[in-house]
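Inside the fold
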Amino acid sequence: MDTQAINLKLDTDMTPNDSVESQHGNTRTMILGAGLAGLSAGLHLTSGYDLYEKEARAGGCAKSIYTEGFAFDHGPHILYSVDPYATQLIKRLLNDNFHAQGREAWIYHASTDVFTKFPFQANLHGLPVSIVKECIMGVMEAIRKKEQGDAQAPKNYEEWIYQTFGEGIAKHLMIPYSEKIWTISPKLMNYEWIGRRVPTPSLDQILEGALKDSSQLVGFNNEFWYPLDDGIEALPKSFLPHVAKPKTQMRATRISHKKKVVEFSDGSRQNYDFLISTLALPTVVKLIEDAPSYVVQAADELEYNSILCVNFGVNREKITNQHWLYFYEPDFYGHRVSFPMNLSPNTTPKGKSSVTCEVAYSKHRKLNRENAVERVVEDLIKTGIMNPDDTVCAENVKGITPAYIIYDLNHKKNTTIIREWLQEQDIYSCGRFGEWEYYNMDHSIMSGKRAAEWVNARVAANNEWAS
Ligand SMILES: Cc1cc2nc3c(=O)[nH]c(=O)nc-3n(C[C@H](O)[C@H](O)[C@H](O)COP(=O)(O)OP(=O)(O)OC[C@H]3O[C@@H](n4cnc5c(N)ncnc54)[C@H](O)[C@@H]3O)c2cc1C
C-alpha cells in the first residue's frame, strides 16, 4: 500500500487556503464539486488547484442534515472498505471519531410476520418450511444445471439471479426487491456491478443458515464503521484541513472545452489546464459547449433512480436494536428503513429514536410523496417496531437525484463513449456520478485519487518536456 501520499498530506501542517499553489510550475487544475471525490482529488494533487462547489457546504451526498438535535444523512451512510489504502485514509482522517461495530441488518416478511437476518439467501431459518424447502430445492437445481453445463451465460440480471440462486430465492426475495429498488425489471439490467454487492453464499452456508438461527452465531455479523459525532458529514469535514478551501455557492453553468474556461453562477469565468469533474455525466455533458451529438445521445440514455429520504424522530428511546431493515414487498412504502440512533447515539437526542426510510422512484415509477412520514409510521407499526401511541417529533423529507445509477444494458457502451471523449478534452470525470458507477464512499474517494494521479502524471510529463 502506498501510504506515502497519506503521510505527505496529513502529516504536514497545511492551512486551508483560497487555493493551493503549484509545487510544479503554473499548471492549474480546476475541481468541480466538493463531495468526497473532489475532496480526495484535492488531497492527492501535487500541483495547484481550485475547488468549486455549488452548495453552501462541501460533502455532496455524504452531507448530513442537522435538525432539532438529530443528525440524518442523505440516506443512511455506513462506511466500510476492502481497499487497504482507503481503509487507512478513512481511519486517519476520522481519527478519534472513527467507530466500528457489528451490523444488525434484517429483512421483514409481512406475509408471514417474520424477521430474518440479512442476507436472505444465507439466513432462511425462521421462514415457513414450505418457503425454505422451495429456496433450497431451487439452489440445488441451479447448481445441477451449472454442473451439467445446461446453463448458458446469463444475458441480464434476472437470468443471473435465477442461475445463481434458483427459483425459490429469486421469487421470494431477489426479484421483488430488485424491482423495488431499481424501479425497472432486472431483465433490463446487466450484472457487471454485482461484485461484493450481492452476497453469494455457498450451498453449505445456505444449508447452515436454513437449519440454524444464525442470529445467535457469534462473529457472523460483518463490521461497519460510522463516525461517533456529526453524522456521516464528519468524513468530508475531516478532509477540509488538508485541502484548498472550497469556493462554495459557485455553480458551474457552462464549460468551454476548446478555450478551457468554466463559467459560474456569479458570472465569473475561470481558466484551467486540467479539469476534474465530479458532476453527474449527463450534467457535465449538458454544460459543455458543442459536445458532439453522439456524446450527448449517450448521456441522454443513462438511467438512474432517485431516493426520497423520509427522516423523523420518535418520542421513545430505543424503538429497536436494529441498524437497518429491508422491505421487499410492494405494500411497503420504502425498500429500507434505518435507525441512525443505533449507528451512533450522538445522532439522536436522549430519550428519543430516529428513523430514515428510503423510497426509490424514477421516470419509470412515479412516487406519491403525500403523507410520507405517516406511511412509514404505519409500516413500522405493522412490524411491531413502533407502537400506535408513539409520537413523531422532528421531520425532514428530502429527495436525492440522481441517487443510484442504473446498470441498464447499454451502461458500459454509453459511459465509455462519454468518459473517453471527456478525457480527450483534458477533462477527467470521477466519483459516483462522474464515473456513473455504483460507488460507495470509499470507491468515490479512490476515484478522486485516480483523477489526481492522472493529472499529476500529465503535469510531470509536461514539466519534463519543458525542462
Ligand atoms: C441514498 C444513498 C445512500 C448511500 N449509502 C451509502 C452507504 O451506506 N455507504 C457508502 O459508502 N456510500 C453510500 N452512498 C454513496 C456515497 O454517498 C457516494 O459514493 C459519495 O458520497 C459520492 O461522492 P462524489 O464526490 O463522487 O459525488 P457527490 O457527493 O455527488 O459530489 C458531487 C458534488 O458536486 C457538486 N456539484 C454538482 N453540480 C455542480 C455544479 N454545476 N457546479 C459545482 N458543483 C456542483 C454537488 O453539490 C456535490 O457536492 C450512498 C449514496 C446515496 C445517494
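Quick notes on the overall build of the protein
Along its length, the protein carries 13 helices and 18 strands. At 24 Å, the protein has a C-alpha radius of gyration in line with the 23 Å of a compact globule built from 467 residues. Projected onto the principal axes, the alpha-carbon positions of the protein cover approximately 75 × 60 × 45 Å. Each of the 467 residues in the protein was classed as buried or not, and the buried ones make up 44%. Intrachain contacts of the protein at a sequence separation of at least 6 include 75% that bridge at least 24 residues.

With respect to unusual backbone geometry
Peptide bonds are mostly trans, and most non-glycine residues show a negative phi. Cis peptide bonds are those with omega within 30 degrees of zero, and the linkage from Phe 118 to Pro 119 qualifies with -5°. Mapped onto the elements of the fold, Pro 119 is located in the loop between strand E7 (114-117) and helix H4 (129-147). Note that the residue after Thr 401, namely Pro 402, is joined by a cis bond; omega there is -15°. Inspection of the secondary structure puts Pro 402 in strand E17 (residues 392-406). In this model, Lys 260 sits at a positive phi of 55°, which is unusual for a non-glycine residue. Within the secondary structure, Lys 260 is located in the loop between strand E9 (252-256) and strand E10 (261-264). Look at Lys 260 and you get partly exposed, because 18 C-beta atoms sit within 10 Å.

Considering the nonpolar core
Nonpolar side chains tend toward joint burial in soluble globular proteins. Membership of the largest hydrophobic core comes to 121 residues, with the highest contact counts inside it found for Ile 276, Leu 281 and Val 376. Setting aside its immediate chain neighbours within four residues, Ile 276 contacts Thr 29, Ile 31, Ala 41, Tyr 428, Cys 430, Ala 451 and Val 455.

Thoughts on the site of the ligand
Surveying the vicinity of the ligand reveals 34 residues, the closest of which are Gly 33, Gly 35, Gly 60, Gly 75 and Gly 431. The set of elements that each furnish at least two residues to the shell around the ligand consists of helix H2 (36-44), E17 and helix H13 (441-466). Top contributing element to the shell around the ligand by residue count: H2, with three residues. Its residues assigned to classes, the shell around the ligand shows 17 nonpolar, 11 polar and six charged. Two domains each put at least three residues into the shell around the ligand: domain 1 (4-62 + 234-300 + 409-466) and domain 3 (303-406).

Describing the pairing of strand E14 (residues 324-327)
Across the two faces of E14 the burial is the same, with Trp 324 and Tyr 326 and Leu 325 and Phe 327 all buried. Where strand E6 (residues 105-109) and E14 come together, four bridges link them in parallel fashion. The residue of E14 that forms the bridge with Ile 107 is Tyr 326. In the sheet, E14 pairs with strand E15 (residues 336-338) via three bridges, with the strands oriented antiparallel. Across the sheet, the residue bridging to Trp 324 is Ser 338, located in E15.

Quick notes on the packing of helix H9 (residues 293-300) against helix H12 (residues 411-424)
At a minimum axis distance of 9 Å, the contact between H9 and H12 shows a crossing angle of 135°. When the axes of H9 and H12 are compared, the pair comes out oblique. Where H9 crosses over H12, the two elements pack in a sense that is left-handed. Residues Tyr 294, Val 295, Ala 298 and Ala 299 of H9 pack against Asn 414, Ile 417, Ile 418 and Trp 421 of H12. Considered class by class, the residues forming the contact of H9 with H12 number seven nonpolar, one polar and no charged.

A word on the environment of Glu 289
Along the chain, Glu 289 falls in the loop between helix H8 (281-287) and H9. C-alpha of Glu 289 to C-alpha of Ser 256: the two residues are 33 residues apart in sequence and 5.5 Å apart in space. When sequence neighbours within four positions are dropped, the list of residues in contact with Glu 289 reads Arg 254, Ile 255 and Ser 256.

A few points about the sheet that holds E10
Spatially, the three strands line up as an open sheet ordered E9-E10-E11, and their pairing is antiparallel. Taken across any chain shown, the strands that pair with only one partner, and hence form the sheet edges, are E9 and strand E11 (269-271). Neighbour-to-neighbour, the strand axes of this sheet turn through a mean angle of 20°, independent of strand direction. Bridging between E10 and E11 involves three bridges; their strand directions are antiparallel. Looking at E11, one finds that Val 262 is bridged to Gln 270.

Topic: helix H3 (residues 84-94)
Listed as buried for H3 are Ala 86, Leu 89, Ile 90, Leu 93 and Leu 94. Projected down its long axis, H3 carries its buried residues within an arc of 115°, all on one side. Downstream of H3 by one or two residues, Asn 95 has phi in the positive range, about 55°.

Considering the domain arrangement of the protein
Once the domains are mapped, the protein shows domain 1 (4-62 + 234-300 + 409-466), domain 2 (105-220) and domain 3 (303-406). With centres defined by C-alpha atoms, the gap from domain 2 to domain 3 works out at 24 Å. Listing elements by their share of the side of domain 2 that touches domain 3, those giving two or more residues are E6 and helix H5 (157-182). The element contributing the most residues to the side of domain 2 that touches domain 3 is H5, with six residues. Partitioned by chemical class, the residues of the side of domain 2 that touches domain 3 number 13 nonpolar, two polar and one charged.

Some points on the sheet that holds strand E18 (residues 427-429)
Within the open sheet, the four strands sit side by side as E2-E1-E12-E18. Their pairing is parallel. Two strands close off the open sheet at either side, each with one partner strand: strand E2 (49-52) and E18. For this sheet, the mean angle separating the axes of adjacent strands, direction not counted, is 15°. In the packing of H13 onto the sheet, contacts are made with strand E1 (29-32), strand E12 (274-277) and E18, and the angle to E12 comes to roughly 175°.

Section: the packing of H2 against H13
With their axes 7 Å apart at the nearest point, H2 and H13 run at an angle of 40° to one another. On the basis of the axis angle, H2 is oblique to H13. By crossing handedness, the relation of H2 to H13 is classed as right-handed. On the side of H2, the interface is formed by Leu 36, Ala 37, Gly 38, Leu 39, Ser 40, Ala 41 and His 44, while H13 contributes Met 441, Ser 444, Ile 445, Ser 447, Gly 448, Lys 449, Ala 451, Ala 452 and Glu 453. For the contact of H2 with H13, the per-class residue count stands at eight nonpolar, six polar and two charged.

Scoring rules and cut-offs
Residues numbered from 1 in each chain as written. Predicted model: local features only at pLDDT ≥ 70, side-chain atom pairs only at ≥ 80, totals over all residues. Helix = DSSP H or I, 4+ residues; strand = E, 2+ residues; numbered from the N terminus. Rg over C-alpha atoms; globule rule 2.2 N^0.38 Å. Buried ≥ 20, exposed ≤ 12 C-beta atoms within 10 Å, placed from the backbone. Contact = placed C-beta atoms within 7 Å. Core = buried A, V, L, I, M, F, W, Y, C linked by C-beta atoms within 7 Å. Near = placed C-beta within 6 Å. Nonpolar A, V, L, I, M, F, W, Y, C, P; charged D, E, K, R; others polar. Domains from an automatic or database assignment. Pairing = 2+ DSSP bridges. Axes fitted to C-alpha atoms, helices over the stretch in contact; angles between N-to-C directions. Parallel < 35°, antiparallel > 145°, perpendicular 65-115°, else oblique. Left-handed = near helix turned anticlockwise from the far one by under 90°. Arc of directions from axis to C-beta.

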